[in-house]
Amino acid sequence: MMKVRCVHLFMQAVIGLMAVGCLAQHRYPEAKITLHVVNQDGQPVSDTEIEACFWLNDEDIRVFRKRPDKQGMVSFQSLTLAEVLFDNSRTVGRTVLPDQKYYQTELKYRLQNYDESVKTGKWQPWNPTIEMVLKEKKKPIPMYATDRQNEKQIPLRNKWCGFDMEKNDWVAPHGSGNYADIEVFIRWDGKIADQYTGAWLTIRFPDPEAGFYPFQLDAYSSFLSPYHAITNEQYQKELNFPGRSVQRNDVKDKKRFRSDIGYVFRTRTRVNSEGKVICARYGKMYPPHVEMFYLWRGGKSFIFLPYYLNPTENDTNLESDPEKNLFKKFKYGTKP
């Protein structure tokens, strides 16, 4: 009798475990994803480790680490409920250990619409192949680099104000600068209203053949820009931003850079008798975290200037070394 009872209890336990397993499978379906890991030139990457984080809930995240094979292929499989995050940096507790050869890259794969995408306990499509591009650290150099919170009060309205990028300051008599890499003009009629007031911010590059051209920010890599400026690109002269009024002292306007666009620029140019550039300095601008400029009710106006200036003439390298920032106060506040 005791033996029969034990068998009965064992069977109940097995059935219970099966039910729990079915529930877990129903709540947490399984996903399988394959990455094709390549470098910036499209060549397979196999000399780094990829970390995959499968989210189940706030207290349960499954973490796996693998190296791609010689073809750059690596697969991960786990239960998950919402998304998978791939990263080439290792996370130990709250410490991120950066990859020494490649810039940190995060690739997020979202799993959506549970009712339509889950079949027999598996996310569909099953085992998709996704490309993950890792940019190599080629030649990071010291630059004059500010962070995205580099805020400057504009000294004048309705007049051009020169700004020295090596000094990170307005040119004299409004600051310590002595060379106008750019000039800033804010046109404002002084009115405060709910609608547009006719306020405009213009940034121009005054030197001959100086200017800028836009580039698409890298949405996945910590190195957001291209490696080099293009010398024969069509450089534009002016950037313009429309303004809004501000009703309260604690409200800022939203004159935004597009969050996905940066600018390569050329300044301190010298040209020959034919008007061709023979000397120049190159750099880049990233979008600020919020607005490009804003107006206070009291009449003051401010601009955010996140930029990187290569110190070497005719060097087109845009790969900045944050550990060797030529602006000491921004040493730890900038990206590459």
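What counts and how
Residues numbered from 1 in each chain as written. Predicted model: local features only at pLDDT ≥ 70, side-chain atom pairs only at ≥ 80, totals over all residues. Heavy atoms only, no water. Helix = DSSP H or I, 4+ residues; strand = E, 2+ residues; numbered from the N terminus. Buried < 20%, exposed > 50% of the residue type's maximum accessible area, 1.4 Å probe, protein only. Contact = heavy atoms within 4.5 Å. Areas by Shrake-Rupley, 256 points an atom, 1.4 Å probe, with all protein chains shown as cover. Pairing = 2+ DSSP bridges. Axes fitted to C-alpha atoms, helices over the stretch in contact; angles between N-to-C directions. Salt bridge = Lys/Arg side-chain N within 4 Å of Asp/Glu carboxyl O. Phe/Tyr/Trp six-rings, centres within 6.5 Å; stacked < 30°, edge-to-face > 60°. Lys NZ or Arg CZ within 6 Å of the ring centre and 35° of its normal. pLDDT = per-residue confidence, 0-100.

A. Region of interest: the overall build of the protein. Broken down by element type, the protein carries two helices and 24 strands. Here the protein, with 336 residues, has 43% of them falling under the buried criterion. When contacts within the protein are restricted to residue pairs at least 6 apart in sequence, those whose partners lie at least 24 apart make up 67%. Carbon together with sulfur atoms contributes 51% to the accessible area of the protein, which is approximately 18500 Å² in total.

B. Region of the structure containing the sheet that holds strand β2 (residues 50-57). The strand order β3-β2-β5-β8 describes an open sheet built from four strands, whose pairing is antiparallel. If you trace the sheet from one side to the other, it starts and ends with β3 (60-66) and β8 (106-110), each paired once. Going across the sheet, the axis of each strand differs from the next one's by a mean of 20 degrees, ignoring polarity. Bridge count between β2 and β3: seven bridges; the pairing is antiparallel. Note that in β3 the partner of I50 across the bridge is K66.

C. Structural view of the sheet that holds strand β20 (residues 261-271). A sheet is described by the order of its strands in space; here five strands give the open sequence β12-β24-β21-β20-β18, paired in antiparallel fashion. The sheet is open, and its two edges are formed by β12 (144-145) and β18 (211-216), each paired on a single side. For β20 and strand β21 (residues 277-285), the ladder comprises seven bridges, and the chain directions are antiparallel. Opposite R270, over in β21, you have C279 as the bridge partner.

D. Geometry of the pattern of salt bridges. If you walk through the whole model with that rule in mind, you get 13 salt bridges. Close ionic contact of D60 with R62 constitutes a salt bridge, the shortest N to O distance being 3.2 Å. R268 is the partner of D181 in a salt bridge, and the nearest nitrogen-oxygen pair spans 2.6 Å. Highlighted residues: D181 in the loop between β15 (169-170) and β16 (182-187) and R268 in strand β20, separated in sequence by 87 residues. Here D181 and R268 have matching classes, each one buried. Here the salt bridges share partners, and the residues they tie into one network are D164, E166, D181, R268 and R281.

E. Geometry of the packing of aromatic side chains. Per the counting criterion, the structure on display carries 14 aromatic pairs. Seen in terms of ring centroids, F212 and Y263 are 5.2 Å apart; in terms of plane orientation they differ by 85 degrees. Their pairing is edge-to-face. Here F212 is found in strand β18, whereas its partner Y263 is found in strand β20, with 51 residues between them in sequence. Through successive ring pairs, a cluster of aromatic residues spans F205, F212, Y263 and F265. Just above the ring of F76 sits the side chain of K66; from NZ or CZ to the centre is 5.5 Å. Looking at R204, its charged tip hangs above the ring of W160, at a distance of 3.6 Å from the centre.

F. Quick look at the pairing of β20. Burial analysis of β20 places nine of its 11 residues in the buried class, the great majority of the element. Alignment of β18 against β20, held across six bridges, turns out to be antiparallel. Paired with Y213 across the bridge in β20 is V264. Hairpin connection of β20 to β21: five residues between the antiparallel strands, including G275 at a positive phi of 85 degrees.

G. Just the confidence of the model for the protein, in detail. Per-residue confidence for the protein gives a mean pLDDT of 84, with 80% of residues at or over 70. The low-confidence segment residues 1-26, where pLDDT is below 50, has four contacts with residues more than four positions distant or belonging to other chains. Across residues 245-255, where pLDDT falls below 50, the model places 38 contacts with residues more than four positions away in sequence or in other chains.

H. Highlighting the pairing of β2. The element β2 is largely enclosed, with a buried count of six among its eight residues. Linking β2 back to β3 in an antiparallel pair, the connection comprises two residues. Here β2 runs beside strand β5 (residues 83-87); their pairing, made up of four bridges, is antiparallel. Note on β5: the bridge partner recorded for C53 is L85.

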